[in-house]
Amino acid sequence: MNDPDFSRCIRDAGGRVTAARLAVLRCLAAAEEPLTPDEVLEHLTQTPGHVPDRVTIYRAIDWLSAHGLVRRLATVGRAARYEPVEDREAHAHFQCRRCGQTRCLPAPSPPLPTLPPGYVAERVELVIHGLCAACRAGENA
Ligand SMILES: [Zn+2]
Ligand SMILES: [Zn+2]
(Lines give C-alpha, C1' and ligand atoms only; values in the text may rest on other atoms or scores of the structure.)
(Ligands and ions follow the chains in the order given, each with its own letter.)
Protein backbone atom coordinates (compact mmCIF):
# COMPACT_ATOMS: atom_id res chain seq x y z
CA MET A 1 0.00 0.00 0.00
CA ASN A 2 1.19 3.52 -0.70
CA ASP A 3 0.54 6.67 1.26
CA PRO A 4 -2.63 7.74 -0.56
CA ASP A 5 -4.09 4.34 0.37
CA PHE A 6 -3.18 4.79 4.03
CA SER A 7 -4.73 8.24 3.96
CA ARG A 8 -7.87 6.85 2.39
CA CYS A 9 -8.12 4.12 5.07
CA ILE A 10 -7.94 6.77 7.79
CA ARG A 11 -10.47 9.01 6.07
CA ASP A 12 -12.81 6.09 5.39
CA ALA A 13 -12.69 5.27 9.10
CA GLY A 14 -13.96 8.78 9.73
CA GLY A 15 -10.77 10.32 11.00
CA ARG A 16 -8.48 13.19 10.25
CA VAL A 17 -5.31 12.19 8.45
CA THR A 18 -2.53 13.23 10.82
CA ALA A 19 1.19 12.76 10.28
CA ALA A 20 1.34 10.46 13.31
CA ARG A 21 -1.54 8.18 12.25
CA LEU A 22 -0.05 7.95 8.78
CA ALA A 23 3.44 7.21 10.06
CA VAL A 24 2.24 4.56 12.51
CA LEU A 25 0.05 2.81 9.95
CA ARG A 26 2.85 2.86 7.39
CA CYS A 27 5.31 1.49 9.94
CA LEU A 28 3.04 -1.37 11.05
CA ALA A 29 2.26 -2.28 7.44
CA ALA A 30 5.95 -2.41 6.57
CA ALA A 31 6.88 -4.50 9.61
CA GLU A 32 7.03 -8.25 9.29
CA GLU A 33 5.83 -8.88 12.77
CA PRO A 34 3.44 -7.20 15.18
CA LEU A 35 5.07 -4.27 16.99
CA THR A 36 4.69 -2.63 20.37
CA PRO A 37 4.19 1.16 20.44
CA ASP A 38 7.79 1.54 21.62
CA GLU A 39 9.05 -0.51 18.70
CA VAL A 40 7.04 1.70 16.35
CA LEU A 41 8.75 4.72 17.88
CA GLU A 42 12.13 3.04 17.44
CA HIS A 43 11.42 2.32 13.76
CA LEU A 44 10.23 5.86 13.12
CA THR A 45 13.33 7.26 14.76
CA GLN A 46 15.45 5.28 12.34
CA THR A 47 13.63 6.41 9.21
CA PRO A 48 13.85 9.89 7.74
CA GLY A 49 10.96 12.24 8.29
CA HIS A 50 9.01 13.65 11.17
CA VAL A 51 9.07 11.55 14.34
CA PRO A 52 6.03 11.98 16.57
CA ASP A 53 6.64 11.84 20.31
CA ARG A 54 5.75 8.76 22.36
CA VAL A 55 2.40 10.02 23.62
CA THR A 56 1.35 10.95 20.10
CA ILE A 57 2.26 7.50 18.86
CA TYR A 58 0.27 5.84 21.64
CA ARG A 59 -2.72 8.03 20.82
CA ALA A 60 -2.41 7.28 17.11
CA ILE A 61 -2.30 3.53 17.80
CA ASP A 62 -5.31 3.76 20.11
CA TRP A 63 -7.24 5.58 17.43
CA LEU A 64 -6.24 3.16 14.66
CA SER A 65 -7.12 0.23 16.89
CA ALA A 66 -10.50 1.67 17.92
CA HIS A 67 -11.34 2.24 14.25
CA GLY A 68 -10.42 -1.23 13.10
CA LEU A 69 -7.34 -0.32 11.08
CA VAL A 70 -4.93 -2.15 13.33
CA ARG A 71 -5.49 -5.21 15.47
CA ARG A 72 -4.31 -5.57 19.02
CA LEU A 73 -3.04 -9.07 19.61
CA ALA A 74 -3.91 -11.18 22.62
CA THR A 75 -0.30 -11.55 23.69
CA VAL A 76 0.69 -11.87 27.31
CA GLY A 77 2.95 -9.70 29.44
CA ARG A 78 4.91 -6.68 28.32
CA ALA A 79 3.37 -4.12 26.02
CA ALA A 80 0.49 -4.80 23.66
CA ARG A 81 1.43 -5.62 20.08
CA TYR A 82 -0.35 -4.38 17.00
CA GLU A 83 -0.54 -5.28 13.34
CA PRO A 84 -2.47 -3.80 10.44
CA VAL A 85 -5.82 -5.36 9.59
CA GLU A 86 -5.80 -4.36 5.93
CA ASP A 87 -4.50 -6.93 3.45
CA ARG A 88 -4.05 -9.64 6.03
CA GLU A 89 -6.32 -12.53 6.76
CA ALA A 90 -6.75 -13.52 10.37
CA HIS A 91 -3.86 -15.80 11.26
CA ALA A 92 -2.20 -17.46 14.21
CA HIS A 93 0.79 -16.03 16.07
CA PHE A 94 3.71 -17.39 17.99
CA GLN A 95 4.93 -15.60 21.07
CA CYS A 96 8.22 -16.39 22.78
CA ARG A 97 7.80 -16.45 26.55
CA ARG A 98 11.34 -15.36 27.10
CA CYS A 99 12.07 -12.47 24.73
CA GLY A 100 8.48 -11.63 23.83
CA GLN A 101 9.14 -11.86 20.10
CA THR A 102 5.83 -12.36 18.32
CA ARG A 103 5.63 -13.70 14.79
CA CYS A 104 2.81 -14.04 12.33
CA LEU A 105 2.21 -17.62 11.27
CA PRO A 106 1.01 -17.86 7.71
CA ALA A 107 -0.56 -21.28 8.19
CA PRO A 108 -4.34 -21.41 8.22
CA SER A 109 -5.93 -21.58 11.65
CA PRO A 110 -7.36 -24.91 12.80
CA PRO A 111 -11.10 -25.47 12.51
CA LEU A 112 -13.16 -23.76 15.18
CA PRO A 113 -14.96 -25.70 17.89
CA THR A 114 -18.72 -25.67 17.62
CA LEU A 115 -20.32 -23.02 19.82
CA PRO A 116 -23.29 -23.74 22.08
CA PRO A 117 -26.64 -22.88 20.45
CA GLY A 118 -27.31 -19.16 20.42
CA TYR A 119 -23.68 -18.16 20.89
CA VAL A 120 -21.92 -16.02 18.34
CA ALA A 121 -18.16 -15.67 17.89
CA GLU A 122 -16.90 -12.12 17.40
CA ARG A 123 -13.22 -12.59 17.53
CA VAL A 124 -10.98 -15.61 17.35
CA GLU A 125 -7.31 -15.48 18.05
CA LEU A 126 -4.76 -18.22 18.26
CA VAL A 127 -1.47 -17.51 20.00
CA ILE A 128 1.02 -20.31 20.41
CA HIS A 129 3.28 -19.71 23.41
CA GLY A 130 6.75 -21.17 23.62
CA LEU A 131 10.39 -20.43 22.98
CA CYS A 132 11.86 -18.95 19.82
CA ALA A 133 14.87 -20.60 18.21
CA ALA A 134 17.35 -18.09 19.66
CA CYS A 135 16.01 -18.38 23.21
CA ARG A 136 15.88 -22.16 22.95
CA ALA A 137 19.51 -22.24 21.91
CA GLY A 138 20.26 -19.99 24.89
CA GLU A 139 18.43 -22.26 27.35
CA ASN A 140 20.27 -25.32 26.15
CA ALA A 141 23.66 -23.65 26.32
ZN1 LIG B 1 12.78 -15.69 22.31
ZN1 LIG C 1 0.15 -11.35 12.48
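Our structure's up above, just so we're on the same page.
Residues numbered from 1 in each chain as written. Chains lettered and ligands numbered in written order. Predicted model: local features only at pLDDT ≥ 70, side-chain atom pairs only at ≥ 80, totals over all residues. Heavy atoms only, no water.

Turning our eyes to something else, we now look at the layout of surface pockets. By volume, the largest pocket amounts to about 250 Å³. As for the largest pocket, its lining consists of 15 residues, of which Ala-90, His-91, Val-124, Glu-125 and Leu-126 are closest to the centre. By residue class, the composition of the lining of the largest pocket is eight nonpolar, three polar and four charged. Computed from the structure, the second largest pocket encloses a volume of approximately 190 Å³. Lining the second largest pocket we find Ala-23, Arg-26, Cys-27, Ala-30, His-43, Leu-44, Thr-47, Pro-48, Gly-49 and His-50. Those elements giving two or more residues to the lining of the second largest pocket turn out to be helix H2 (19-30) and helix H3 (37-46). Tallying contributions element by element places H2 first for the lining of the second largest pocket, with four residues. Residue composition of the lining of the second largest pocket, grouped by class: five nonpolar, four polar and one charged. (1 Å grid on protein atoms, 1.4 Å probe; cavity = no way out; pocket = protein on both sides within 12 Å on 5 of 7 lines; lining within 4 Å. Points joined across faces, edges and corners; volume = space filled by probe spheres on them. Nonpolar A, V, L, I, M, F, W, Y, C, P; charged D, E, K, R; others polar. Helix = DSSP H or I, 4+ residues; strand = E, 2+ residues; numbered from the N terminus.)

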